[in-house]
Amino acid sequence: MMPFTTGVDLTAFNTLALPGRARAFCRIDDETQLADAARADGPRFILGGGSNLVVTGDIDRLVLHMAIPGKRLVTQDDEAFYVEAGAGENWHAFVQWTLAQGWPGLENLSLIPGKVGAAPIQNIGAYGLEAGDLLHSVTAWDFEKRAFFQVDRSQCRFGYRDSLFKQEGWHLDGRIAITRVVFRLPRQWQPNMRYADISQELAARQINQPTAQDLADAVIAIRQRKLPDPAQLPNAGSFFHNPVVSAELAALLKSEFPTLPCYPQPDGRIKLAAGWLIEQAGWKGKSLGPVGMYEKQALVLVNHGGACGEDVQRTMSAVQAAVRERFAVALTPEPIFL
Ligand SMILES: Cc1cc2nc3c(=O)[nH]c(=O)nc-3n(C[C@H](O)[C@H](O)[C@H](O)COP(=O)(O)OP(=O)(O)OC[C@H]3O[C@@H](n4cnc5c(N)ncnc54)[C@H](O)[C@@H]3O)c2cc1C
């Protein structure tokens, strides 16, 4: 049986820097350890970089910290490069590496914290691109069947911050561990500048025909201006999903709040900007105890120092109540509660 460490404090393993002791903890450096881990009794949790996590307190689970390394070109054909990374690779470093190899495509997802293995879980997205757009296949270990399995992109049921892995509840119960992810990066490349922020940043840099690295640099600069660095100010990125409401409710709100940003969805519903709602509800830069909403971006919940999971839940509830009261819209948190 593999050695587990008991009572490990998770403060350094989550970007909100929330304390909590894991009953048992083990770092997974290669696939062969998983069969061994499957023999351990009791509930488990699969941990990546802890950048989408709220640690609520002590955890009566076996925490498996995914650290499987490796990046390689699996194959290429006339149309695309197929690139694989181990679950434990840092996402941003992986994106930078693909660009350096001359395989563009993932640049709009630059500087998203976390590990490659977590990218398919919530189908990470930013600046008009989602990981699922370019994902080819995922390999994972199933702890119940005690076997590896592979799913391709069409089986992953990707949606906005959603996937097969979430729909099945596997992100909560630790049923599977993603070990490797393959991306298909087409040779034909077009800069994705659908977001005004990106075209404005490139214009300011006087770049007319951007390379993929130019786009990555623009995205990095924008993100650094907007989002707090978890190493300086602990946070988990966007704390709430952008709510999607009925066209009727959106029209009603728009008549009362003419500046309300509305994004029509293919199904006729309307996506609202959670950050705008929070700001209008008076929570931008406001705190309750050690936890508040970031002064430059109201969607980001920050730990000003010494907070615990209960402090996060208190601020979260207060923000949800304020938005519900003013707009009759329910906000749901994006991070996983452990
Ligand atoms: C400053 C900041 C900015 C952010 N910006 C964005 C953004 O622009 N877009 C976006 O989509 N997200 C963003 N995020 C959220 C976060 O970076 C992503 O959700 C990221 O994919 C989480 O990766 P992680 O390795 O830290 O996962 P963790 O937080 O460790 O885990 C998240 C979930 O995935 C599961 N999981 C992790 N690894 C595995 C694995 N190998 N196998 C099975 N399950 C696993 C965990 O059990 C958990 O349920 C941001 C976060 C921060 C702090």
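### Focus on the domain arrangement of the protein
Stage number 1. Each assigned domain of the protein is listed here: domain 1 (5-66), domain 2 (71-186) and domain 3 (235-337).
Stage number 2. Averaged C-alpha coordinates put domain 1 and domain 2 at centres separated by 21 Å.
Stage number 3. Listed as interface residues are 15 residues of domain 1 and, on the opposing side, 14 residues of domain 2.
Stage number 4. Among the elements of the structure, helix 1 (32-37), strand 3 (44-47) and strand 5 (59-66) are those that each provide at least two residues to the side of domain 1 that touches domain 2.
Stage number 5. For the side of domain 1 that touches domain 2, the leading source of residues is strand 3, giving three residues.
Stage number 6. Along the lines of polarity and charge, the residues of the side of domain 1 that touches domain 2 split into eight nonpolar, five polar and two charged.

### Here's the deal with the nonpolar core
Stage number 1. In terms of nonpolar packing, the biggest core is built from 91 residues, with Leu64, Ala177, Ile278 and Leu301 touching the most fellow members.
Stage number 2. Examining the composition of this core, we find that six residues originate from one element, strand 12 (residues 176-186), more than from any other.
Stage number 3. Discounting chain neighbours no more than four positions away, the residues touching Ile278 are Trp283, Lys284, Met293, Ala298, Leu299, Val319 and Val323.

### Overview of unusual backbone geometry
Stage number 1. The phi dihedral of Arg157 is positive, around 45 degrees, even though this residue is not glycine.
Stage number 2. Here Arg157 shows up in the loop between strand 11 (147-152) and helix 4 (164-167).
Stage number 3. The partly exposed category is assigned to Arg157, around which 16 C-beta atoms lie within 10 Å.
Stage number 4. You will see that Gln206, though not glycine, has its phi angle at about 55 degrees, which is positive.
Stage number 5. In this fold, Gln206 is placed in the loop between helix 6 (196-204) and helix 7 (212-226).

### Details of the site of the ligand
Stage number 1. Close to the ligand lie 34 residues, the nearest being Gly48, Gly49, Gly114, Gly117 and Gly237.
Stage number 2. Going through the elements one at a time, strand 3, strand 8 (125-126), strand 12 and strand 13 (235-238) are the ones with two or more residues in the shell around the ligand.
Stage number 3. Tallied by class, residues from the shell around the ligand come to 20 nonpolar, 13 polar and one charged.

Parameters at a glance
Residues numbered from 1 in each chain as written. Predicted model: local features only at pLDDT ≥ 70, side-chain atom pairs only at ≥ 80, totals over all residues. Domains from an automatic or database assignment. Contact = placed C-beta atoms within 7 Å. Helix = DSSP H or I, 4+ residues; strand = E, 2+ residues; numbered from the N terminus. Nonpolar A, V, L, I, M, F, W, Y, C, P; charged D, E, K, R; others polar. Core = buried A, V, L, I, M, F, W, Y, C linked by C-beta atoms within 7 Å. Buried ≥ 20, exposed ≤ 12 C-beta atoms within 10 Å, placed from the backbone. Near = placed C-beta within 6 Å.

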